[in-house]
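Take a look at the letters that make up each chain.
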Amino acid sequence: MTNTQVPNSPVPNSQEPAERSRPATPPPPAVAVRPSVRDRGARLLAAVFLAPTVVGIVVFTVVPIIGSLVLSLFHWNVIDPPRFAGGANYRTTFTDSTVLVSFRNTLLFMVLAVTLQLLIALSLALALNGRMPGWLRSVFRSAFFFPLVLSAASISVVMKYLFNQDFGVVNWLIGLVGVAPVPWLTSEHAAMATVILVYVWQQFGFSFLLFVGGLNNIPKEIHEAAALDGATGLRKHLGITLPLLSPTLLVASVVGIINALQVFEQPYVLTDGGPGDATRTVVMVIYERAFEQLDFGEASAVGVLLFALIMAVTAVQFRLSRRFVHYQ
């Protein structure tokens, strides 16, 4: 007779149901950690260092913006008390031919000046990024950036003499090759071109330094790999350099457009907005309305419209950047 062995079955544990039914022990209450004296001191020190910047932004940016918005709803000539005008200043602005021409000139100036500025700055940055002694590269960087540290008004005064039709150096130089004197500052089309050239000559140094920094941040291994694949010259720059440089291009274009929409010194000193209204910009109209005609309400209305234009153009740039800007 064969003995059949029954497999051992687990013996029920009488304590198991009791353990399962026992409620879970709640976690201990969180103990509030009071900041130490050192942490409070660090926060206080940070607030002290940030305070001048915050106060400066509030006093010189936020308050003037709010003041301009409020003042644009009033008629005020500084002498008499302000009179509420509602939207009259804006209606006058939209029907004033001088204001409309100034906006057209400013937009045209922005497109041409910023495009030329970015092309020149990028071309020079790419040229200096090649094989060149370090000391020579430093000399070129300093020379290209130097006009930016000078006053725009002083540069415009010098350029006004250089581009003078009768005794200017520029006409003297082109006269050596048989070219007739050009009315740089008195012709409608030549005046705008002259203002753009003077502005770009002074401003391209900022974009140039941005591009130099952006090119230095591109890993050399990428260019070496592209060279092994046969990419050279223009093909390498279009396929590799520009996509990797797109964040820098965005910053340079945003700053360049904001500055170009606020141009004032160059057209004011070189041409005084002339001939006629050919080079009159929006900021010049604001200056004339406020300090020559003492109509601060209308000047504020024009300033508010310019502020709205700058915000709209910047918003469009950042919107388009989602498609064209590539981050590493």
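Procedures and definitions
- Residues numbered from 1 in each chain as written.
- Predicted model: local features only at pLDDT ≥ 70, side-chain atom pairs only at ≥ 80, totals over all residues.
- Heavy atoms only, no water.
- Helix = DSSP H or I, 4+ residues; strand = E, 2+ residues; numbered from the N terminus.
- Buried < 20%, exposed > 50% of the residue type's maximum accessible area, 1.4 Å probe, protein only.
- Contact = heavy atoms within 4.5 Å.
- Areas by Shrake-Rupley, 256 points an atom, 1.4 Å probe, with all protein chains shown as cover.
- Expected span 1.5 Å × (residues − 1).
- Polar contact = N/O pair within 3.5 Å; in protein donor to acceptor, adjacent residues only side chain to side chain.
- Salt bridge = Lys/Arg side-chain N within 4 Å of Asp/Glu carboxyl O.
- Axes fitted to C-alpha atoms, helices over the stretch in contact; angles between N-to-C directions.
- Parallel < 35°, antiparallel > 145°, perpendicular 65-115°, else oblique.
- Left-handed = near helix turned anticlockwise from the far one by under 90°.
- Nonpolar A, V, L, I, M, F, W, Y, C, P; charged D, E, K, R; others polar.
- Phe/Tyr/Trp six-rings, centres within 6.5 Å; stacked < 30°, edge-to-face > 60°.
- pLDDT = per-residue confidence, 0-100.
- Core = buried A, V, L, I, M, F, W, Y, C linked by side-chain atoms within 4.5 Å.
- Arc of directions from axis to C-beta.

Along its length, the chain carries 13 helices and two strands. Within the span of the chain, comprising 328 residues, buried residues form 33% of the whole. Of the contacts formed within the chain by residues at least 6 apart in sequence, a portion of 68% connects residues at least 24 apart. Here the chain displays about 21,000 Å² of accessible surface, and carbon together with sulfur accounts for 67% of that area.

Turning our eyes to something else, we now look at helix α4 (residues 97–128). Relative to the 46 Å expected for 32 residues at 1.5 Å per residue, α4 spans 46 Å between its end C-alpha atoms, a close match to the ideal helical length. The distance from a side-chain oxygen at the start of α4 to the backbone nitrogen of Thr98 is 2.9 Å, and the residue carrying that oxygen is Asp96.

The next point concerns the pattern of salt bridges. Applying the stated criterion across every chain yields a total of four salt bridges. A salt bridge links Asp277 to Arg280, with the shortest nitrogen-to-oxygen separation between them at 2.7 Å. The partner of Glu298 in a salt bridge is Arg289, and the shortest N-O contact between them spans 3.1 Å. One exposure class covers both Glu298 and Arg289, and it is buried. When salt bridges that share partners are traced, they join Asp96, Arg289 and Glu298 into one network.

In the contact formed by helix α6 (residues 152–162) and helix α8 (residues 188–216), the axes pass within 11 Å of each other and the chain directions differ by 135°. Judged on the interaxial angle alone, α8 and α6 are oblique. Judged by the sense of rotation from one axis to the other, the crossing of α6 with α8 is right-handed. Across the interface between the two elements, Ala152, Ile155 and Met159 of α6 pack against Val198, Trp201 and Gln202 of α8. A class-by-class count of the residues in the contact of α6 with α8 yields five nonpolar, one polar and no charged.

Looking at where Gly274 falls in the secondary structure, it is placed in the loop between α11 (265–270) and α12 (282–292). Residue Gly274 is classed as buried on the basis of its relative accessible area, which comes to 9%.

Two descriptors summarise a pair of aromatic rings, namely the distance from one centre to the other and the angle between the planes of the rings. Here the structure, examined in full by the defined rule, presents 13 aromatic pairs. A centroid spacing of 5.5 Å and a plane angle of 80° characterise the contact between Phe74 and Phe84, whose relative ring orientation is edge-to-face. Residue Phe74 is found in strand β1 (residues 74–75), and its partner Phe84 is found in strand β2 (residues 83–84); the two are separated by ten residues along the sequence. Summarising the aromatic geometry, the rings of Phe264 and Tyr287 are spaced 5.5 Å apart at their centres and angled 55° between planes, so their arrangement reads as tilted. With Phe264 in the loop between α10 (233–261) and α11 and Tyr287 in helix α12, this residue pair connects regions lying 23 residues apart in the sequence. The class of Tyr287 is partly exposed, set by a relative accessible area of 28%. Connected via pairs of aromatic rings, a cluster forms that spans Trp76, Phe264, Tyr268, Tyr287, Phe291 and Phe296.

Time to look at the confidence of the model for the chain. Caution is warranted with low-pLDDT regions, since their predicted coordinates should not be read in detail. A residue-level look at the chain finds 85% of positions with pLDDT of 70 or above and a mean pLDDT of 85. In the model, residues 1–7 has pLDDT below 50 throughout and makes zero contacts with residues more than four positions away in sequence or in other chains. The low-confidence segment residues 14–19 (pLDDT under 50) makes zero contacts with residues lying over four places distant or belonging to another chain.

Quick look at the nonpolar core now. Judged by nonpolar contacts, the single largest core of 47 residues is most densely connected at Phe109, Tyr199, Phe208 and Phe211. Among the elements of the structure, α4, α6, α8, α10, α12 and α13 (296–324) are those that each provide at least two residues to this core.

Within α6 the residues assigned to the buried category are Ala152, Ile155, Ser156 and Met159. Taken down its axis, α6 places every buried residue within 100° of arc, on the same side. Elements that come into contact with the buried residues of α6 comprise α8 and α11. Between the side-chain oxygen of the N-cap and the backbone nitrogen of Ala153 there are 3.3 Å, and the N-cap of α6 in question is Ser151.

Another point: the side chain of Thr271. Looking at where Thr271 falls in the secondary structure, it is placed in the loop between α11 and α12. Not counting residues up to four positions away in its chain, the partners in contact with Thr271 are Leu185, Ala191, Val195, Gln266 and Thr279.

Its place among the elements puts Thr279 in the loop between α11 and α12. Every residue in contact with Thr279, bar those within four places of it in the chain, is listed here: Asn105, Ala191, Met192, Val195, Pro267, Thr271, Gly273, Gly274 and Met284.

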